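So you can see what is in the structure, the chains are spelled out below.
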Amino acid sequence: MSFDPVLRLADVTRVHGDGQQAVTALREVNLDVDPGELVAVMGPSGSGKSTLLNLAGGLDQPTSGSVVVEGTPLSILSAGALAGLRRRRVGYVFQDLNLIPSLTAVENVMLPRELDGVRAKQARREALEVLAEVGLGEAADRFPDEISGGQRQRVAIARALAGERRLILADEPTGALDTPTGDEILQLLRTRCDAGAAVLLVTHEPRYAAWADRVVFLRDGEIADSTAASLESAR
Ligand SMILES: Nc1ncnc2c1ncn2[C@@H]1O[C@H](COP(=O)(O)OP(=O)(O)OP(=O)(O)O)[C@@H](O)[C@H]1O
């Protein structure tokens, strides 16, 4: 296992818009996330959490500073290479799950891998493995509207975990789920992290932040505080 950070943000500033409309969403943020580390990002609405996650995954570019994923500065990549890195190395779990209703659970999980050139048979095998890992082996052939909200969330997580993804970005992945289901989702992220992935988790819930190794608090686009989470008892 490499000990370099999976994700490094160095002096990252992101200004949205220009002139009078300019909003500095992030200001000179420095953040490393190491292999095996789960970092929770908290902060009030508008403090820059989603901007941070979008930059970390290469969905947005900083105005200044650099974003480095597994040693590669994203700014040196061509659009095609960046898209490839996003598909292969980065898994996203967003609140808006984006599951495709006409595809079964296993087909939803397979799709990004197939788009990446993995053969259907292998993609299916991987998808079934990861669905079993999230406790959904039985529901592999069901469609999204045939399973519960918590199960749909687990399908979205399985999709983010399939393949060799080292960086998992999760924006409020527990959404409107009830507490036991939310805890299950965090347990899944924690397990993947313990297997060597780096996880950046945006959450408003201190209960879920307690699963993190470190909690970063954003305020007005700056890291206002960073604490080692020591809430083992909450797990
Ligand atoms: N595309 C954009 N154009 C202009 N301003 C933007 C854009 N995206 C974000 N902002 C502004 O940047 C700031 C940070 O937004 P961001 O969405 O990152 O915050 P957040 O902490 O994720 O908020 P929330 O918890 O409400 O999702 C806010 O002032 C927001 O209005």
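Under the annotation held in an unreviewed UniProt entry, the protein carries the name ABC transporter ATP-binding protein and is attributed to Streptosporangium fragile.

(A) Seen up close, unusual backbone geometry. With phi around 50 degrees, Asp11 is a residue other than glycine that occupies positive phi space. With respect to the helices, strands and loops of the structure, Asp11 is situated in strand E1 (residues 7–16). Asp11 gets classed as exposed once you count the C-beta atoms within 10 Å, which come to 12. Backbone geometry places Asp220, a non-glycine residue, at a positive phi of 50 degrees. Within the secondary structure, Asp220 is located in the loop between strand E9 (214–219) and strand E10 (222–228). Among the residues examined, Asp220 registers 14 C-beta atoms within 10 Å and is labelled partly exposed.

(B) Spotlight on the packing of helix H3 (residues 105–115) against helix H4 (residues 120–133). The N-to-C vectors of H3 and H4 enclose an angle of 125 degrees; their axes lie 8 Å apart at closest approach. Classed by the angle they form, the pair H3 and H4 counts as oblique. In the packing of H3 onto H4, the handedness of the crossing is right-handed. Taken together, the residues of H4 that come into contact with H3 (itself represented by Ala105, Val106, Val109, Met110, Arg113 and Glu114) are Ala120, Ala123, Arg124, Glu126, Ala127, Leu128, Val130 and Leu131. In terms of residue class, the contact of H3 with H4 is made up of ten nonpolar, no polar and four charged.

(C) Highlighting the nonpolar core. With 65 residues, the main nonpolar core has Val41, Val109, Ala158, Leu189, Val199, Leu200 and Leu201 as its most contacted residues. In terms of residue count, the dominant contributor to this core is helix H5 (residues 149–161) (six residues). Beyond its immediate chain neighbours, meaning those up to four positions away, Val41 contacts Lys49, Leu52, Leu200, Leu201, Val202, Val216 and Leu218.

(D) Geometry of the sheet that holds strand E2 (residues 23–33). Reading across from one edge, E2-E1-E4-E5 is the order of the four strands in this open sheet, with antiparallel pairing throughout. A single partner strand is all that each edge strand has here, and the edge strands are E2 and strand E5 (72–73). Bridge count between strand E4 (residues 64–69) and E5: two bridges; the pairing is antiparallel. Bridge pairing in E5 places Val69 opposite Thr72. Across the sheet, helix H1 (residues 49–56) lies against E1, E2 and E4, angled at about 125 degrees from E1, the strand it touches most.

Cut-offs applied
- Residues numbered from 1 in each chain as written.
- Predicted model: local features only at pLDDT ≥ 70, side-chain atom pairs only at ≥ 80, totals over all residues.
- Helix = DSSP H or I, 4+ residues; strand = E, 2+ residues; numbered from the N terminus.
- Buried ≥ 20, exposed ≤ 12 C-beta atoms within 10 Å, placed from the backbone.
- Axes fitted to C-alpha atoms, helices over the stretch in contact; angles between N-to-C directions.
- Parallel < 35°, antiparallel > 145°, perpendicular 65-115°, else oblique.
- Left-handed = near helix turned anticlockwise from the far one by under 90°.
- Contact = placed C-beta atoms within 7 Å.
- Nonpolar A, V, L, I, M, F, W, Y, C, P; charged D, E, K, R; others polar.
- Core = buried A, V, L, I, M, F, W, Y, C linked by C-beta atoms within 7 Å.
- Pairing = 2+ DSSP bridges.

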